[in-house]
Amino acid sequence: MPATGCHSRAPDVARPTGTRLRVALVGSPNVGKSALFNRLTGRYVTVSNYPGTSVEVSRGAGTFAGRPVEVIDTPGMYALASATEEQRVVRRFLLGGEADVLVQVVDAKNVPRMLSLTLQLLELGRPLVVAVNMMDEATRLGLAVNVASLAGRLGVGVVPIVAVRGTGIEALQRAVVRAAERPAPLPPGYGNGVGTAIRALRAELTGAYAIDTTALAALLLQQDEDAAAAGRAAGAAGGARALRSRTGRGQGGRRRAACRTGGWRCPHCVPAAGGR
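Residues numbered from 1 in each chain as written. Predicted model: local features only at pLDDT ≥ 70, side-chain atom pairs only at ≥ 80, totals over all residues. Heavy atoms only, no water.

A.B. asks: In this structure, what is going on with unusual backbone geometry? I would like to understand it.
C.D. replies: Trans is the common state for peptide bonds, and a negative phi is the common state for residues other than glycine. The phi dihedral of asparagine 30 falls on the positive side, at around 65 degrees, and the residue is not glycine. Here asparagine 30 shows up in the loop between strand 1 (21-26) and helix 1 (33-41). In the Ramachandran plot, glutamine 223 falls in the positive-phi region, its phi being about 55 degrees despite a non-glycine side chain. Residue position: glutamine 223 is located in the loop between helix 8 (213-220) and helix 9 (225-234). Glutamine 223 gets classed as partly exposed once you look at its relative accessible area, which sits at 47%. (Helix = DSSP H or I, 4+ residues; strand = E, 2+ residues; numbered from the N terminus. Buried < 20%, exposed > 50% of the residue type's maximum accessible area, 1.4 Å probe, protein only.)

A.B. asks: Before we go on, may I ask you to explain the sheet that holds strand 4 (residues 67-73) in this structure?
C.D. replies: In a beta sheet, neighbouring strands pair by backbone hydrogen bonds and run either parallel or antiparallel. Strand order in the open sheet formed by 7 strands is 2-3-4-1-5-6-7, with mixed pairing between adjacent strands. Each end of this open sheet is capped by a strand with a single partner; those strands are strand 2 (45-49) and strand 7 (157-160). Geometrically, the sheet is characterised by an average inter-axis angle of 25 degrees between neighbouring strands, direction not taken into account. Summarising the sheet, strand 1 and strand 5 (residues 101-107) pair through 4 bridges and their orientation is parallel. By the bridge assignment, alanine 24 is partnered in strand 5 with leucine 102. Across the sheet, helix 1 is in contact with strand 1, strand 2, strand 3 (56-64), strand 4 and strand 5; its angle to strand 3 comes to roughly 45 degrees. (Pairing = 2+ DSSP bridges. Axes fitted to C-alpha atoms, helices over the stretch in contact; angles between N-to-C directions. Contact = heavy atoms within 4.5 Å.)

A.B. asks: I would appreciate a short explanation of the pattern of salt bridges in the present structure.
C.D. replies: Charged atoms that come close allow side chains of opposite charge to pair. The final tally for this structure, using the stated rule, is 10 salt bridges. One salt bridge in this structure joins arginine 140 and aspartate 136, with 4.0 Å as the shortest N-O distance. Placement of the pair is arginine 140 and aspartate 136 together in helix 4 (residues 135-140), with a separation of 4 residues, close to one helical turn. According to the relative accessible area criterion, arginine 140 is exposed, its value standing at 60%. (Salt bridge = Lys/Arg side-chain N within 4 Å of Asp/Glu carboxyl O.)

A.B. asks: Got a minute to help me understand the nonpolar core in this structure?
C.D. replies: By size, the foremost hydrophobic cluster in this structure holds 76 residues, and its most contacted members are Leu36, Leu94, Val103, Leu124, Val129 and Leu172. For this core, the element with the most residues is helix 6 (residues 169-181), which contributes 7 residues. Beyond its immediate sequence surroundings of up to four residues, valine 129 is in contact with Val101, Leu102, Val103, Gln104, Gly157, Val159, Leu172, Ala175, Val176 and Ala179. (Core = buried A, V, L, I, M, F, W, Y, C linked by side-chain atoms within 4.5 Å.)

Fair warning: the whole summary comes from geometry, so function is off the table for now.
This is the structure we're talking about:
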């Protein structure tokens, strides 16, 4: 269920029509992000290091339903709580709210495995579209994806595509523009001990943030340094040291117990791995 509270929620500010949208492609490795990036941008692409790192990020320009866009192809990641340098760059980019719309690219053959990252992206409170790629391969395997049902459950646009063939690209572009013009979806609400811990930490995050503080609270529960830095930058109540003290050994122990309760699996407990 979506969260019902709005404390420390990122403001919904739509860019004026004609302003260039910043669209970030996000997803696990080997889901076809690069093929989609090439379809959306064409030949004019720049590759540069993310500031302060050696991680390369590709950027290109395009037009979606008459709107000029900048498309950013981010390194592959399985979860926001990541371990590699590339994944930390993506997390820093997302926590900074640097994209107007997020496009999560998922493999149609493995949709259930991809949804834990979807929940974490929803926690950011940013406009989101899910591009279900490799639909042709799923069909050959006898797999079907109920796109309408998935969109209804997630509360975001879900578009079937085949990036290498260009199938569904125009529909995806229209969905991105619609997402940019509408209020961002509410973050998911977790009805167990994890949800209680997240809500308690959100109450401490009283600064101004580019994202919904649900995502920051979930990462602080995992003693994430980037989340603590974001809290310091936004002037969170009590300071980042106080926030980290709330996410120490005792709180983490309760969180792990909550993740095991009733067989419910916290989306932040997916092991991180590297690669694009």
